[in-house]
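# Tertiary structure, described
One letter stands for each residue in the lines below.
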Amino acid sequence: MQVIRLHALSDNYIFLLHDDTHNIAAVVDPAEAEPVLQELAALKAELVGILNTHHHHDHVGGNQQLMQQFPHVTVYGGEEDRGRIPGQQVFLQDGSRVQFGDRTAEVIFVPGHTRAHIAYYFPPNQVSGTGDLFCGDTLFAGGCGRLFEGTPTQMVDSLTKLRALPDNTLVWCAHEYTLKNLQFALTVDSDNTDLQRRYDEVKSYRSRGEATVPSLLGVEKLTNPFLRWEQPSLQLTVNSNEPVQTFARIRGLKDKFS
Ligand code: ZN
Ligand code: FE
C-alpha cells in the first residue's frame, strides 16, 4: 500500500491509499473531489473506499462527487457520526476493522475534536516496516485539534490511545499546521532540546515549501505538548500537578495563541 498525499483547500491534506497489485485505491478525508479524481486517473485505479475520520466539511466535502464517479465505492465513518457524513454506509466503532487490499485498518474511537471522531491505524507489515495512522484532526504534527464537541478528559483518553502505538508509526494528520504548532509548543516547553531541534527542521522544510506530514509518532511523543501532560516541566508552566488539567490549560493557551 502506497500513501499519496494530495493538497486541498488552503491547508488540508487528502491521503490516497493505492494498492497497485489490485489497482484499487481508497481515500482518507476527501476535502474535495477534484485532486482525488485527477490522481485516480493518473494511476488508472478504481476507488473502492472513502474513509472519513469525522463529519467536518473539510474532510467530507468531496464524498458526493466521488460517489457519483465511483458508484460502487463504500463510505466509512464513525457510528456516532450517523446522519452527518454524506453517503455513509458503514458505521464503525472502536475496534472495528476496515480491509483494503491486503492491509487491514483498526478503528480507534478518538472523541474530543468532535464527539464522533475516529482514527484508522494500519499496523506495520513485512513490506512497510512502519504503521500508518490516519488521525484526521485529533493529533497533529506538533499539536492537536480544537475541542469543538468533546471535553479535555475525552481528548486525553483519545490521545492516550494514540500515544500507545509504536514509535515508528507514521502520523498522517489532515492539516499542515506544524510550524505554528511548534511555535506555540516552544512557549510552553522552551527547555525541550528535541523540540528546539524539530522547530528548526520544520522551519527550513516550510521555507522550501515542503510538507511536514507525515511525522513520526516517536518524535511526537518527545516534542508534542499535547502528548506530554505528565511532564513536570509542562505542569510547572501551567501551574498544575494534574494531567487532565495540565492538558486543558495548554489547550486553552493554544486557543488564544492562534
Ligand atoms: Zn475538523
Ligand atoms: Fe479539519
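Residues numbered from 1 in each chain as written. Chains lettered and ligands numbered in written order. Predicted model: local features only at pLDDT ≥ 70, side-chain atom pairs only at ≥ 80, totals over all residues. Heavy atoms only, no water.

Note: most residues except glycine have negative phi, and most peptide bonds are trans. The omega torsion of the bond from Val 213 to Pro 214 falls at 10°, within 30 degrees of zero and hence cis. In this fold, Pro 214 is placed in the loop between helix H6 (193–207) and strand E14 (215–216). A positive phi angle, close to 50°, is found at Leu 9, a residue other than glycine. Position of Leu 9 relative to the elements: it lies in the loop between strand E1 (2–8) and strand E2 (12–19). For Asn 239, which is not glycine, the phi torsion reads 55° and is therefore positive. (Helix = DSSP H or I, 4+ residues; strand = E, 2+ residues; numbered from the N terminus.)

Every protein donor of the iron ion (ligand 2) is accounted for by Asp 58 (OD), His 59 (NE2), Asp 137 (OD) and His 175 (NE2), and the metal-donor separations fall at 2.1 to 2.3 Å. Relative to the metal, the four donor atoms surrounding the iron ion (ligand 2) lie at angles of 82 to 165°, and the coordination shape comes out irregular. As a motif over one chain, the donors of the iron ion (ligand 2) read D-H-x77-D-x37-H. The metal-metal distance between the iron ion (ligand 2) and the zinc ion (ligand 1) comes to 3.3 Å, with Asp 137 coordinating both. Separated by 38 residues along the polypeptide, Asp 137 in the loop between strand E10 (131–136) and strand E11 (139–140) and His 175 in the loop between strand E13 (169–173) and helix H5 (178–188) bring together distant segments of the chain. An identical accessibility class is assigned to Asp 137 and His 175; each is buried. (Donors = N, O, S within 2.8 Å, 3.2 Å for Na, K, Ca; no water. Tetrahedral: all angles 85-135°; square planar, octahedral: opposite > 155°, others 65-115°. Buried < 20%, exposed > 50% of the residue type's maximum accessible area, 1.4 Å probe, protein only.)

Right, let's get into the coordination of the zinc ion (ligand 1). Coordination of the zinc ion (ligand 1) by the protein involves His 54 (NE2), His 56 (ND1), His 113 (NE2) and Asp 137 (OD), with metal-donor separations of 2.2 to 2.3 Å. Viewed at the metal, the four donor atoms of the zinc ion (ligand 1) are separated by angles of 89 to 171°, and the geometry they form is irregular. Here the donor residues of the zinc ion (ligand 1) are spaced in sequence according to H-x1-H-x56-H-x23-D.

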